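# What the coordinates show
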Amino acid sequence: MARWCYRHRLVVLLLWVGALFGVVFSASSAGTNYANDFSLPNTDSKTAYDLMEKAFPNTSGDTDTVVWKVTDGSMKDQAVRNRVQSALGEIAKLPGVGAVTSPYTGAQGAAQISEDGTIAYAQLTFTKQANAIPTDQVQKVLDTAKDAERSGLQVELGGQAIQRVQAPPQGLSELIGIVAAAVVLFLAFGSFFAMILPIAIAVFGVGMGLFSTQLLSHTTDIPDVAPLLASLVGLGVGIDYALFIVTRHRRGILRGMDPEESAVTALNTSGRAVLFAGGTVCIALAGMLATRLRFLDGVVIGTSLTVVLSVLAAITLLPALLGFLGPRVLSRRQRRRLAAEGPEAEKASGPAARWSAYVQKRPRRIAALALVVMAVLAVPLLSLRLGTTDQGNDDASTTTRKAYDLLAEGFGPGFNGPLQVVSAGGDTTKLLQGLESTRGVARVAELPPVRGVTVIQVVPTTSPQSKETDELIDTLRDRVIPRAGVQAHVGGVTAVSKDFASVTGDRLPLFIATIIGLGFLLLLIAFRSLVVPLTAALMNLIAAAASFGVLVAVFQWGWGLSLLGLGKAGPISAFLPVIMLSLLFGLSMDYQVFLVSRMHEEWVRTKDNARAVRVGLAETSRVINSAALIMVCVFLSFVLSGNSSAAMASVGLAGAVALDAFILRTALVPAAMHLLGSSNWWLPTWLDKRLPHLAVEPAEEALNPTEPTGGATAIQGFVLTPNGDPVEDAAVTLMAEGGLQLDRTTALANGSYIVSVPSPGSYLLAVTSPSYGSKTRPVTVTEGTLVYDVELAEGEVDVVN
């Protein structure tokens, strides 16, 4: 498939461009129909909601609020009253506004003015839900209300529709993330064309995914946060997957391969790993379905679809683009050096190789230090409290946050999250008395019965997000309502949020067990080992604990919130653990696959665990760290999205990816694998026979025609000075007795090397170093691996004729 896409690159490119424009046109014509379905079957708040829907079936439009505050005088003053009524009259005439409830209309309006007369509010009911209202209509309402503001009269607006208007422009966070990723890619590749490739793949994958999700919103319930999360994940994985493939392709060209063969080899090695990694992300996302929360179904659909399309772009569109570029995927300096000096030898040197050697020497120390760091970061997790974010968590400069604070100031902290006690019949007199005498209740108001349903509005003395409000809901359900002897249920946004958090917490263990079990099975089949998937599962749990610790410290404790411009502290969104764990387990599995697949390849080849871990880490840590840095930049850019839930997810995922890549995969995992030794690759014989075979990343040597095939044996050892010091970057060449080069490699930082031998027999082993001279020795290889150390002295030249 890779070869076909490479050779028919124009057809592939036109198909992708046509598909993208077709989806964009269709989605733009159809519009959006996102729906936040928080329904929780068999919960008290859902029963209350159903009863209220029966009694008030026409309250379908979004309700927003206009709040005024006077610094001198009262809201009842005639001059203030004239100004407010004039503004409300103009707002009522605007398109999209269904009804306006003024603070100056009868007894109900009088209740909309605070006791001290300085704060008042009006309710605006739109004809549609917030997501369906055109932004220009909401902006006219906002502008008209703000026009009434004068010195001494403050005007603020709150509500979902207003919140959507004041959010940053759509695409701003994505654009900033792409720019940040482009900078990292240019520093990693040193080539403009190589930098563009991962960006292009991410744009096609995310673009197709977002507009396809928009079309699907007309056929199923997809929440409005789904596109944000889909673009957040899609950009990260799309750029990362293309980065892995392009890195392998560039390495193949530098080793002298034809660009087409290099692209085919890259897709058939790293491309397989990308396909497997994308599958693990989708499986981890599908684990959210185990929670049976309908709100998350749409998130799974949108995010999984974007990941699938990003993978499809990486394995079809990317080889086509590689065909257009040819050798220009390298920088000019690399192309000049390739023409002047010839192909590079395979080597792993520099900081990555030195770090890999250090991990091998000090595995216990590094493992202990990494565990201590992760444990300290996980401590805040012990105080995790699930809840919901509201406009009280918006930035202090926004009008929605100011309106929220004014309502709390004038009518009490609980006014922003009133409870509805809903009864379907019976005498509610005793219930009303019980509610009024309950500690933590500020005000109680009973509405006239409608269709046999009575609604009692209960305003708590505490804010919607406070722990005391949660305890009040439990008191009403467990004690007050049963004592009244009536059938009643507690509803309202605050009660729904509490029930959502409780249900999520109860189902979280099953969800975690599901995604860990599926990930374990995948890695078990891929790497034919019991220990590797067990280690991966444990590392994922450690990463999750530490990342949630960071999340609690930032959003619940408020550390650094002002620097990030993310409003005030509050509980962690109830649905966030499920979404974050799904994404974290999927992305962590990506890095585990890319790291361990290289180690497994070396283990199959040499059966030397120490070398397999060392070589795997040395060759993959740089690209994993680059990929993680790109993903962190992309995730953090979504702090600017204007959506508090998306900002929470972006900070949490950025922290999780950084900890996972820079501490777990490059320190704790290889240190643990060094300590475990050959048991890393243990698998009972009876289980090995029953498991299907899955080649995640076949050995590149088997696909590279310039390197020896059928390597039955090998020679390995160390290149050392007379004092026993390692000779780094010494060139080791295996030749037939006639002088034909069979294999070539470069010694690692600790002096180790390995060359493959096509079959038992007599050969020449040549070792050359610019600092220590050269030495050539005849060697005889029988069955198995020959251990052969070479000693080089300064100025030594030893040639065998």
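Description of the structure in this document. (Residues numbered from 1 in each chain as written. Predicted model: local features only at pLDDT ≥ 70, side-chain atom pairs only at ≥ 80, totals over all residues. Heavy atoms only, no water.)

## So, the overall build of the protein
We apply this condition: Secondary structure elements follow DSSP: runs of H or I no shorter than four residues count as helices, runs of E no shorter than two count as strands, and numbering proceeds from the N terminus. For each residue, the accessible area found with a 1.4 Å probe, counting protein chains only, is set against the maximum for its type, and the residue is called buried under 20%, exposed over 50%, and partly exposed in between. The contact criterion used is simple: two residues touch if any of their non-hydrogen atoms lie within 4.5 Å.
Counting secondary structure elements, the protein contains 26 helices and 19 strands. With respect to the three principal axes, the spread of C-alpha positions in the protein is 110 × 50 × 45 Å. Counting all 801 residues of the protein, 56% fall into the buried class. Restricting the contact set of the protein to residue pairs at least 6 apart, pairs at least 24 apart contribute 76%.

## Regarding helix α22 (residues 576–606)
Rules: In this analysis, the expected span of each helix is defined as 1.5 Å times one less than the number of residues it contains.
For α22, with 31 residues, the first-to-last C-alpha span of 44 Å sits near the 45 Å given by 1.5 Å per residue. Counting buried positions along α22 yields 29 of 31 residues, so the element is predominantly enclosed. K607 lies just past α22 and shows a positive phi near 60°.

## With respect to the pairing of strand β12 (residues 731–736)
How we decide: The rule for pairing is simple: two strands pair if DSSP sees at least two bridges between them.
In terms of residue burial, β12 counts as a mostly covered element, since five of its six residues are buried. Judged from the five bridges that link them, β12 and strand β13 (residues 741–746) form a sheet pairing that is antiparallel. Within the sheet, the bridge partner assigned to M735 lies in β13 and is Q741.

## Quick notes on the sheet that holds strand β3 (residues 119–126)
Where we set the bar: A fitted line through C-alpha atoms represents every axis, and for helices the fit uses only the stretch in contact; the resulting angles, taken between N-to-C directions, go from 0 to 180 degrees.
Taken together, the four strands give an open sheet; going across it, the order is β2-β3-β1-β4, and neighbouring strands pair in antiparallel fashion. The sheet is open, and its two borders are formed by β2 (97–101) and β4 (153–158), each paired with just one other strand. Averaged over neighbouring strand pairs, the angle between their axes works out to 20° when direction is ignored. Two strands pair when backbone bridges link them, and β2 and β3 are joined in this way by four bridges, in the antiparallel orientation. Pairing of T101 across the sheet is with Q123, part of β3. Here helix α6 (residues 135–147) sits on the sheet in contact with β1 (63–70), β2, β3 and β4, set at roughly 165° to β4. Of the strands in this sheet, β1, β3 and β4 are in contact with helix α16 (residues 399–411), which crosses β4 at around 110°.

## Regarding the state of the cysteines
Covalently bonding the sulfur atom of one cysteine to the sulfur atom of another cysteine gives a disulfide. In plain terms, the rule: Defined by distance alone, a disulfide is two cysteine sulfur atoms within 2.5 Å.
For the coordinates displayed, the defined rule picks out zero disulfides. Counting only cysteine sulfurs, C282 is the nearest neighbor of C5, a cysteine outside any disulfide, at a range of 20 Å. Given a relative accessible area of 5%, C5 falls into the buried group. Judged by relative accessible area, C282 falls into the buried class, the value being 17%.

## Side note on the pattern of salt bridges
We count it as follows: Think of a salt bridge as a Lys or Arg side-chain nitrogen and an Asp or Glu carboxyl oxygen that are within 4 Å of each other.
Tallied over the full model, the rule gives 13 salt bridges. The shortest N-O distance in the salt bridge between D44 and R477 comes to 2.9 Å. Taken as a pair, D44 in helix α3 (residues 44–55) and R477 in helix α18 (residues 467–484) lie far apart in primary sequence, 433 residues in all. D44 gets classed as partly exposed once you look at its relative accessible area, which sits at 22%. What makes R477 buried here is its relative accessible area of 18%. Of the charged contacts in the structure, one is a salt bridge between D688 and R528, with a shortest N-O distance of 2.8 Å. Of the two residues, D688 is situated in helix α25 (residues 685–690) and R528 in the loop between α19 (493–527) and α20 (531–556); the sequence distance between them amounts to 160 residues. We classify D688 as partly exposed; its relative accessible area is 30%.

## Some words on unusual backbone geometry
The phi dihedral of D729 falls on the positive side, at around 65°, and the residue is not glycine. Positionally, D729 belongs in the loop between β11 (713–720) and β12. The partly exposed category is assigned to D729, whose relative accessible area is 34%.

## Some details on the sheet that holds strand β8 (residues 454–460)
Backbone-to-backbone hydrogen bonds pair the strands of a sheet. The strands run either parallel or antiparallel. Read across the open sheet, the four strands follow the order β7-β8-β6-β9; overall the sheet is antiparallel. Edge strands, defined here as strands with exactly one partner in the open sheet, are β7 (441–446) and β9 (488–491). The mean inter-strand angle of the sheet, taken between neighbouring strand axes irrespective of direction, is 20°. One ladder, built from five bridges, connects β7 with β8; its direction is antiparallel. Counterpart to V444 in the pairing with β8 is V458.

## Considering the nonpolar core
What counts, and what does not: Residues belong to a common nonpolar core when they are buried Ala, Val, Leu, Ile, Met, Phe, Trp, Tyr or Cys residues joined through side-chain atoms within 4.5 Å.
Counting residues in hydrophobic clusters, the biggest one holds 155 residues, and the most contacted among them are M288 and Y591. By residue number, the principal contributor to this core is helix α24 (residues 644–676), which donates 18 residues. Among all residues touching Y591, those that are not within four sequence positions of it are D240, F244, I624, A627, A628, M631, V657, D660, A661 and R665. The next biggest cluster of nonpolar side chains, apart from the first, holds 27 residues, and it includes V70, V80, F126 and L142.

## Topic: the packing of helix α8 (residues 172–189) against helix α9 (residues 192–216)
Applicable threshold: Put simply, a crossing is left-handed when the front helix is turned counterclockwise from the back one by less than a right angle, and right-handed when it is turned clockwise. All residues other than Ala, Val, Leu, Ile, Met, Phe, Trp, Tyr, Cys, Pro, Asp, Glu, Lys and Arg, Gly among them, are scored as polar; the first ten of these are nonpolar and the last four charged.
Packing of α8 against α9 brings their axes to within 8 Å, and their N-to-C directions diverge by 145°. Between α8 and α9 lies a crossing whose hand is right-handed. Along its contact with α8, which presents I178, A181, A182, L185, F186 and F189, the element α9 presents F192, A194, M195, P198, I199 and V203. Taken together, the residues that form the contact of α8 with α9 break down as twelve nonpolar, no polar and no charged.

## Description of the pairing of β3
Successive side chains on a regular strand alternate, one facing one side of the sheet and the next facing the other. Of all the eight residues making up β3, six are buried; the element is thus mostly covered by neighbouring parts of the structure. Summarising the sheet, β1 and β3 pair through seven bridges and their orientation is antiparallel. Looking at β3, one finds that T65 is bridged to Q123.

## Things to note about the side chain of R665
Selection rule: Whenever two N or O atoms come within 3.5 Å, that pair is a polar contact, provided that in protein one can donate a hydrogen and the other can accept it, and provided that, for residues adjacent in sequence, both atoms are side-chain atoms.
Secondary-structure assignment places R665 in helix α24. A residue is classified by how much of its surface remains accessible, and R665, at 1% relative accessible area, is buried. At a separation of 3.1 Å, a polar atom in the side chain of R665 contacts the side chain of N540. A polar side-chain atom of R665 sits 2.2 Å from a polar atom in the side chain of Q592. The contact partners of R665, leaving out residues within four places of it in the chain, are M539, N540, S588, Y591, Q592, L595, L617, D660 and P670.

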